[in-house]
Amino acid sequence: MSRIVALTGATGFIGNVLAHRFHAAGWVVRALVRASSRTANLATIPIQFVEGDLSDFGSLRRLVEGVDDVVHCAGLVRGASLADFESVNVHGVENVLQASCDQTRVPRFLLMSSLAAREPVLSPYATSKLQGEAQLALLARDMEWMVLRPPAVYGPGDRELRPLFEWMGRGIALKLGHDHARFSLLYVDDLADAVVMCLENPFSALRVVEFHDGYPGGYSWNDVIDTVERICQRRVARFSISESLLRFVALCNITASRLTGYTPMFTPGKVRELRHHNWVCDNAVIRDAIGWVPKIALDEGLRKTFGWGCKAHSSAQSDTTVPYRLDS
Ligand SMILES: NC(=O)c1ccc[n+]([C@@H]2O[C@H](COP(=O)([O-])OP(=O)(O)OC[C@H]3O[C@@H](n4cnc5c(N)ncnc54)[C@H](OP(=O)(O)O)[C@@H]3O)[C@@H](O)[C@H]2O)c1
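### Let's talk about helix 2 (residues 57-64)
Those residues of helix 2 lying buried are Ser 59, Leu 60, Leu 63 and Val 64. Buried residues of helix 2, seen end-on, are gathered within an arc of 120° and therefore sit on one face of the element. Buried residues along helix 2 sit in contact with strand 1 (4-8), strand 2 (28-33), strand 3 (48-51), strand 4 (69-72) and helix 4 (91-101). Among the residues of helix 2, the N-terminal cap falls to Asp 56, whose side-chain oxygen and the backbone nitrogen of Gly 58 are separated by 3.2 Å. In the segment just after helix 2, Gly 66 is the residue with positive phi, at about 75°.

What follows is the structure, given as structure tokens:
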């Protein structure tokens, strides 16, 4: 009999890919969606929809009833204050966890956290992701649980990194971090594979897991721009943006969001995350525990996401060498 996974956040960038991956792997997917959620991207696979919000206990109980595993991927990635982030990233975890623990047969629980949780002082988002993890550890009792901490994730459907990459493809790179800063990246399909593999294995050797696309030592901004230049076969002009300018823009954005009511992404906290010098992670734990290794290197991931190198650069595509070795 197929195993059943309860999934939150299935209408988002990562959750959508997760839903399709679980379906392809033979799982039954039960997804929490809000009345306002856009479900068009889920229309091609059979999904048991449960309508409701993370604060709605009745919906959460229906979501987790009888399932084998819970993947809690819903989260707030945009917001102005700690209270905004806490309402979803902390209280949402508590509520899904409570509904799961109330089950007669308690399911296993995988929380999609973030590498940001490693540096909680940087931003309200980072604080809330660590608090969500802490609540899981505190309240899980006998439940089997694990936490995944992906670094920045990219791929089709991503809205946060997309504009930066698109501008690079047009020949203009805005370097928002220090030249010496290094960061890991992860293609969304590799993330989805990792989640499914985690659920197909015992959680015993897994607890709080960091993982990335296999580029050893992480990327610098110049590494990423070099890769785009190579794929697109064009020169990309590089502009280093100072921290003071970033802060000024973030403050203007916060002010404008308060006046007009939209939810800001680019905030002073986001600037501190961007200026942090070390967002590099390691695959040793997940590789040794369940044998997961990344398959999609940055150049391939960017081609898949943006279609670069498909037509105009087809000859270049066949010539282009993979710029690095995956440290699998
Ligand atoms: N993207 C990254 O680079 C990245 C990196 C590391 C970790 N993460 C983590 O991965 C998770 C997913 O991120 P994402 O990039 O896919 O975000 P996203 O595209 O903004 O999707 C967020 C999802 O959460 C749902 N959601 C938000 N608040 C909710 C609420 N109160 N009740 C029910 N559902 C709610 C959204 O539902 P609606 O469709 O109804 O809005 C949507 O399905 C988050 O936990 C994030 O912290 C992301």
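### Re the pairing of strand 1
In terms of burial, strand 1 is largely enclosed, as five of its five residues are buried. Along strand 1, one buried face is formed by Ile 4, Ala 6 and Thr 8 and the opposite face, lined by Val 5 and Leu 7, is buried too. Of the strand pairs in this sheet, strand 1 and strand 2 are connected by four bridges, and their pairing is parallel. Within strand 2, the residue paired with Val 5 across the bridge is Val 29. With helix 1 (residues 13-24) bridging strand 1 and the parallel strand 2, this β-α-β connection has right-handed handedness. When strand 1 meets strand 4, the two strands line up parallel, connected through four bridges. Paired with Thr 8 across the bridge in strand 4 is His 72.

### Topic: a nonpolar patch on the surface
On the surface, Trp 167, Ile 172, Leu 174 and Phe 239 cluster together into a nonpolar patch covering about 360 Å² of accessible area. Relative to the helices and strands, Ile 172 is located in strand 8 (residues 172-175). For Ile 172, a relative accessible area of 31% puts it in the partly exposed group.

### Side note on the packing of aromatic side chains
Under the defined criterion, the tally for this structure stands at ten aromatic pairs. Aromatic side chains Tyr 154 and Tyr 187 sit 5.4 Å apart centroid to centroid with 65° between the ring planes, which places their arrangement in the edge-to-face category. In this pair, Tyr 154 is assigned in strand 7 (residues 152-154) and Tyr 187 in strand 10 (residues 185-187), connecting sequence segments 33 residues apart. For the pair Tyr 154 and Tyr 187, a shared accessibility class is recorded, and that class is buried. A connected cluster of aromatic rings, assembled from ring pairs, spans Tyr 154, Phe 165, Tyr 187, Phe 306 and Trp 308. Above the face of the Phe 203 ring, Arg 108 is positioned so that its terminal group lies 4.2 Å from the ring centre.

### Topic: unusual backbone geometry
Look at Arg 141: it is not a glycine, yet its phi comes out positive at around 50°. Inspection of the secondary structure assignment puts Arg 141 in the loop between helix 5 (124-139) and strand 6 (145-149). Unusually for a residue other than glycine, Gln 233 sits at a positive phi of about 55°. Among the secondary structure elements, Gln 233 is positioned in the loop between helix 8 (221-232) and strand 12 (237-240).

Conventions adopted
Residues numbered from 1 in each chain as written. Predicted model: local features only at pLDDT ≥ 70, side-chain atom pairs only at ≥ 80, totals over all residues. Heavy atoms only, no water. Buried < 20%, exposed > 50% of the residue type's maximum accessible area, 1.4 Å probe, protein only. Helix = DSSP H or I, 4+ residues; strand = E, 2+ residues; numbered from the N terminus. Arc of directions from axis to C-beta. Contact = heavy atoms within 4.5 Å. Polar contact = N/O pair within 3.5 Å; in protein donor to acceptor, adjacent residues only side chain to side chain. Pairing = 2+ DSSP bridges. Right-handed = clockwise from strand over helix to strand, strands pointing away. Patch = residues over 30% accessible without salt bridge, like charges linked within 9 Å, V, L, I, M, F, W, Y side chains within 5 Å. Areas by Shrake-Rupley, 256 points an atom, 1.4 Å probe, with all protein chains shown as cover. Salt bridge = Lys/Arg side-chain N within 4 Å of Asp/Glu carboxyl O. Phe/Tyr/Trp six-rings, centres within 6.5 Å; stacked < 30°, edge-to-face > 60°. Lys NZ or Arg CZ within 6 Å of the ring centre and 35° of its normal.

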